[in-house]
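Each chain is listed here by its residues.
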Amino acid sequence: MTLAIRLRDVSKSFRLRHRSPFLARELLRAVMQRPTRVEVFWALRHVSFEIRAGEAVGVIGHNGAGKSTLLSLVARTARPTEGELEVNGRVAAMLELGAGFHPDLTGYENIFLNGMLLGLSRREVAARLESIAAYADLGEFLDTPIHTYSTGMRARLGFAVVAHVDPDIIILDEVLGVGDAAFQDKCRATLTRFRAAGTTMFLVSHQPSNVRALCERVLWLDQGRLVADGPTEDVLARYREASQQLATRTAAARPAAGQSGTTPGS
Amino acid sequence: MQTFTDAYRFRHVLLALTSKQLKAQYRSMSLGFFWALLNPLVMITVLSVVFIWFFGQGAEHPARVVVALIPYNFFTYCLTGCATSITNNSSLVKKVWFPRQILPLSIIVTNIVHLGIQSVLVVAVLVAFPTPGHILGLQLLWLVPLLALLLGLCVGIGLLSAALTVVFRDTQYIIQSTLTVLFWMSPVLYDSGGRFAGPGRPGWVEPLYYLNPLAGLLDSFRRVLFWGASPTPLALGLATLGTLAFGALGIRVFFRHEPDFADYVK
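None of the values given here were measured: they were computed from a predicted structure. Residue indices begin from 1 for each chain and proceed along its sequence in written order. Following the order in which they are written, the chains are lettered starting with A and the ligands numbered starting with 1. A pLDDT threshold of at least 70 governs which residues receive local features in this predicted model, and a stricter bar of 80 or more applies before side-chain atom pairs are shown or counted, although totals over entire chains, interfaces and linings include all residues. Each side-chain value is derived from all of the structure's non-hydrogen atoms; neither hydrogens nor water enter the calculation.

Turning to the overall build of chain B, a few remarks are in order. Here a helix means four or more residues in a row that DSSP labels H or I, a strand means two or more in a row labelled E, and each is numbered from the N terminus. Summing up its helical and strand segments, chain B has 12 helices and zero strands in all. When the helices and strands of chain B are read in sequence order from the N terminus, they spell out α-α-α-α-α-α-α-α-α-α-α-α. We compute the radius of gyration from the C-alpha atoms alone; for a globule the expected value is 2.2 Å times N to the 0.38, where N is the number of residues. A compact globule built from 266 residues should have a C-alpha radius of gyration of about 18 Å, and chain B, at 19 Å, falls within 12% of that. Taking the principal axes of the C-alpha coordinates as reference, chain B spans close to 55 × 50 × 35 Å. The buried label applies to any residue whose accessible area, calculated with a 1.4 Å probe on protein chains only, is under 20% of its type's maximum; exposed applies above 50%, and partly exposed to all values in between. Split into buried and exposed, the 266 residues of chain B put 50% on the buried side.

Looking now at the overall build of chain A. Counting secondary structure elements, chain A contains eight helices and nine strands. Based on the C-alpha atoms only, the size of chain A along its principal axes is roughly 55 × 50 × 45 Å. Looking at chain A residue by residue over its 266 residues, the buried ones come to 45%. Contacts are residue-level and defined by heavy atoms, with any inter-residue pair within 4.5 Å sufficient. Taking as baseline every contact in chain A between residues at least 6 positions apart, the subset at least 24 positions apart corresponds to 73%.

So, about the packing of helix H7 (residues 143–167) of chain B against helix H11 (residues 233–257) of chain B. All names here are of chain B. Axis lines are fitted to C-alpha atoms, over the contacting stretch for helices. Their N-to-C directions set the angle, which ranges from 0 to 180 degrees. Packing of H7 against H11 leaves a shortest axis separation of 7 Å and a crossing angle of 35 degrees. The hand of the H7/H11 crossing is left-handed. Where H7 abuts H11, its residues Leu146, Leu149, Gly152, Leu153, Gly156, Ile157, Leu159, Leu160, Ala162 and Ala163 lie against Leu236, Thr240, Thr243, Phe246, Gly247, Leu249, Gly250, Ile251, Val253 and Phe254. Three categories are distinguished: nonpolar for Ala, Val, Leu, Ile, Met, Phe, Trp, Tyr, Cys and Pro, charged for Asp, Glu, Lys and Arg, and polar for the others, with Gly belonging to the last. Its residues assigned to classes, the contact of H7 with H11 shows 14 nonpolar, six polar and no charged. For any pair of crossing helices, the crossing counts as left-handed if the nearer helix is rotated counterclockwise from the farther one by less than a right angle, and right-handed if it is rotated clockwise.

This next bit is on the environment of arginine 225 of chain A. All names here are of chain A. Relative to the elements of secondary structure, arginine 225 occurs in strand S9 (residues 225–231). On the basis of relative accessible area, arginine 225 is assigned to the partly exposed category, the value being 45%. Between the C-alpha atoms of arginine 225 and arginine 122, which are 103 residues apart in sequence, the distance is 41 Å. For arginine 225, the residues in contact, after removing those within four places along its chain, are Arg45, His46 and Trp220.

Our focus in this paragraph is empty space enclosed by the protein. A pocket here means an open set of points on a 1 Å grid, computed over the protein atoms alone, that has protein on both sides within 12 Å along at least five of seven lines. A cavity is instead a set of points where a 1.4 Å probe fits but cannot get out; residues with an atom within 4 Å of a point line either one. Grid points are joined across faces, edges and corners, and a volume is the space filled by probe spheres set on the points. Inspection of every chain in the model, using the stated rule, returns two cavities of 30 Å³ or more. Within this model, the largest cavity holds a volume of roughly 90 Å³. What lines the largest cavity is Ala93, Met94, Leu95, Glu96, Gly98, Ala99, Asn114, Leu118, Gly158 and Val162 of chain A together with Lys95 and Val96 of chain B. Mapped onto the lining of the largest cavity, the elements with two or more residues apiece are strand S5 (91–94) and helix H5 (151–162) of chain A. Of the residues contributing to the lining of the largest cavity, the split by class is seven nonpolar, three polar and two charged.

We now examine helix H10 (residues 213–225) of chain B. All names here are of chain B. In this analysis, the expected span of each helix is defined as 1.5 Å times one less than the number of residues it contains. If you check H10, its first and last C-alpha atoms are 18 Å apart, about what 13 residues at 1.5 Å a residue would give, namely 18 Å. What H10 keeps buried is the set Pro213, Leu214, Ala215, Gly216, Leu217, Leu218, Asp219, Ser220, Phe221, Arg222, Val224 and Leu225. Considering only its buried residues, H10 is in contact with helix H4 (61–83), helix H6 (102–128), H7, helix H8 (171–185), helix H9 (205–209) and H11.

With that settled, consider the nonpolar core. Definition of nonpolar core: a set of buried residues of the types Ala, Val, Leu, Ile, Met, Phe, Trp, Tyr and Cys, connected through side-chain atoms within 4.5 Å. Counting residues in each nonpolar core, the largest one holds 78 residues, and the members touching the most others are Leu157, Phe159 and Leu191 of chain A together with Ile86 of chain B. With seven residues, the single largest contributor to this core is H5 of chain A. The residues touching isoleucine 86 of chain B, leaving out its near neighbours within four places in the chain, are Val93, Arg100, Leu103, Pro104, Ala162, Val166, Phe254, Phe261 and Val265 of chain B. If you look at the next biggest cluster of nonpolar residues, it comprises 46 residues, including Ile107, Ile135, Val188 and Leu217 of chain B.

Before going further, it helps to spend a moment on the environment of threonine 171 of chain B. All names here are of chain B. The topology assignment puts threonine 171 in helix H8. Judged by its relative accessible area of 3%, threonine 171 is buried. Residues threonine 171 and alanine 83, 88 residues apart in the sequence, show an inter-C-alpha distance of 8.0 Å. For threonine 171, the residues in contact, after removing those within four places along its chain, are Ser161, Leu164 and Thr165. Separated by 3.1 Å, the side chain of threonine 171 and the backbone oxygen of leucine 164 make a polar contact. Any pair of nitrogen or oxygen atoms within 3.5 Å is treated as a polar contact; in protein, a donor-acceptor pairing is required on top of that, and neighbouring residues in sequence qualify only through side-chain atoms on both sides.

A separate point is the interface of chain B and chain A. Frequently, the measure chosen for interface size is the accessible area removed from exposure when the parts meet. Of the residues lining the interface, 30 residues belong to chain B; the matching set on chain A comes to 28 residues. Around 2,800 Å² of area is buried between chain B and chain A when both sides are counted, 59% of it from carbon and sulfur atoms. Looking only at chain B, the three residues that lose the most surface to chain A are Lys95, Trp97 and Arg169 of chain B, adding up to 23% of its buried area. Counting across the chain B and chain A interface gives five residue pairs in polar contact (both at pLDDT 80 or more). Of all the secondary-structure elements, those providing two or more residues to the side of chain B that touches chain A are helix H2 (11–26), helix H5 (90–95), H7 and helix H12 (261–264) of chain B. Accessible area, probed at 1.4 Å, shrinks when two parts are joined; the buried area is that loss added up over both.

Looking now at the side chain of aspartate 191 of chain B. Residues and elements named next belong to chain B. Among the structural elements, aspartate 191 can be located in the loop between H8 and H9. One buried charge, aspartate 191, has no salt-bridge partner; the nearest side chain with opposite charge is arginine 222, at 4.1 Å. Polar contacts involving the side chain of aspartate 191 include one to the side chain of tryptophan 227, which spans 2.7 Å. Apart from the residues lying within four places of it in its own chain, the contact partners of aspartate 191 are Arg64, Asp219, Arg222 and Trp227. Two residue types count as positive, namely Lys and Arg, and two as negative, namely Asp and Glu; His and chain ends fall outside the count. We count a salt bridge whenever a side-chain nitrogen from Lys or Arg sits within 4 Å of a carboxyl oxygen from Asp or Glu.

The next subject is the pattern of salt bridges. As enumerated under the stated definition, the model contains 14 salt bridges over all chains in all. Residues arginine 79 of chain A and aspartate 260 of chain B are paired through a salt bridge, measuring 2.8 Å at the closest nitrogen-oxygen approach. With arginine 79 of chain A in the loop between helix H2 (67–74) and strand S4 (82–87) and aspartate 260 of chain B in the loop between H11 and H12, this pair bridges two chains. The network of salt bridges with common partners includes Arg52, Glu55, Arg217 and Asp229 of chain A.

Spelled out as structure tokens, the structure:
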């Protein structure tokens with residue numbers, strides 16, 4: 001089997017800064033040889049795994065565990081600070097529903113823009129236009145600018161485009177929970193079809209039912225580290241157990257305090 | 001090398017973004033492309049009236065100004081547009097992978113269209129007002145390398161400013177004040193040719209003045225279109241060197257930081 005995704009000892013850090021620096025001040029500091037000290041936050045630490053072509057892998061973990069960071073590395077919107085990352089094949093990433101849409105353009109224009117951003121040529125989008133429009137099922141709204149759309153409508157259009165890209169690897173970040181029940185079923189059916197066609201899938205979802213339905217393997221991230229990697233049911237069971245333990249411990253330790261887990265980078 | 005093939009593969013995105021910008025600028029305006037002409041037209045009129053009536057310039061002054069003002073406008077629109085091209089599309093940059101150079105390049109292509117429209121104004125003024133030289137001649141061929149140099153300068157400085165704005169938040173203010181200085185340090189409203197000889201004007205002032213590549217370019221445009229002569233070797237030579245230097249610097253800085261843009265934008 002060929003490898004679709006391989007990470008070898010990958011780490012990703014972010015500079016913890018509330019605002020971006022001033023050019024004038026940084027130049028002055030450089031001249032005076034007093035470099036600015038920056039706090040560094042490690043969103044991922046020493047993560048290694050391989051995904052074979054055709055595998056469907058889910059990523060679970062608490063908020064701030066590094067799930068979205070991991071997906072953005074594979075989708076190439078960010079690069080690893082350390083380690084090696086290899087991705088083979090055409091990637092269609094949906095890190096956010098409606099990412100790559102422009103609010104002032106109409107639905108049709110956005111289908112073109114988004115399709116081309118996902119790597120299709122103009123002609124390929126044109127050939128699939130009718131099918132995409134039918135899938136999104138938005139009727140006359142496709143002729144109006146996207147800023148008039150509801151979140152659900154935007155989601156439908158975004159997923160309709162992704163469903164027509166024929167990627168080798170599809171990356172989805174928490175996008176399955178949007179839209180009405182009928183549309184969610186449609187999404188799941190499309191993803192099942194992708195799986196049958198041998199597309200590699202890599203997705204983050206907070207709903208265990210989605211992970212269970214689509215993935216045969218699950219990665220569990222905790223505070224940037226890969227704590228478990230195995231068959232879906234095993235990892236989900238361990239994750240559930242750990243979450244319950246954590247919940248009991250938190251409740252026992254701080255009965256009055258609210259949950260306040262603000263970790264950047266999620 | 002891959003950066004260029006990437007950009008070519010995404011040329012349709014580039015064109016889509018360009019037409020988006022053109023549409024956004026002109027869609028809501030009933031007079032359409034007339035607006036592209038209005039601003040420089042007003043400026044030329046006001047400047048001509050002021051300079052002819054109050055500063056005692058001859059009737060050829062509108063022609064002297066227009067041949068430098070239009071290229072200068074192209075430069076400032078490119079610079080200010082490119083500077084915010086990445087930060088204005090933060091959601092796209094964060095969530096979708098695509099060659100980032102597409103964003104500043106689409107600003108430049110948009111402004112090439114504006115330049116094309118405004119060149120009509122240049123021709124009109126050159127026909128309507130007297131010029132000291134005979135313009136129709138072989139020296140017009142100089143326009144090809146001059147336009148290429150102007151374009152190269154804009155690409156270099158555009159890429160540089162786009163990358164700097166992503167990292168440093170005061171870049172825009174620095175650009176604003178630099179442009180104010182640059183307007184007077186470049187021969188837009190006045191003719192720099194022949195002003196460097198004479199008592200009290202040391203020989204090193206002229207090469208220093210033309211270290212600003214824009215000064216050499218605008219002077220060359222005026223030599224060709226107003227005086228009907230070839231550019232002076234000093235002005236053109238230093239403009240070429242400056243353009244190459246800025247081009248190399250811009251490309252280097254941009255592509256060195258391009259993979260990390262998503263970490264910086266908000």
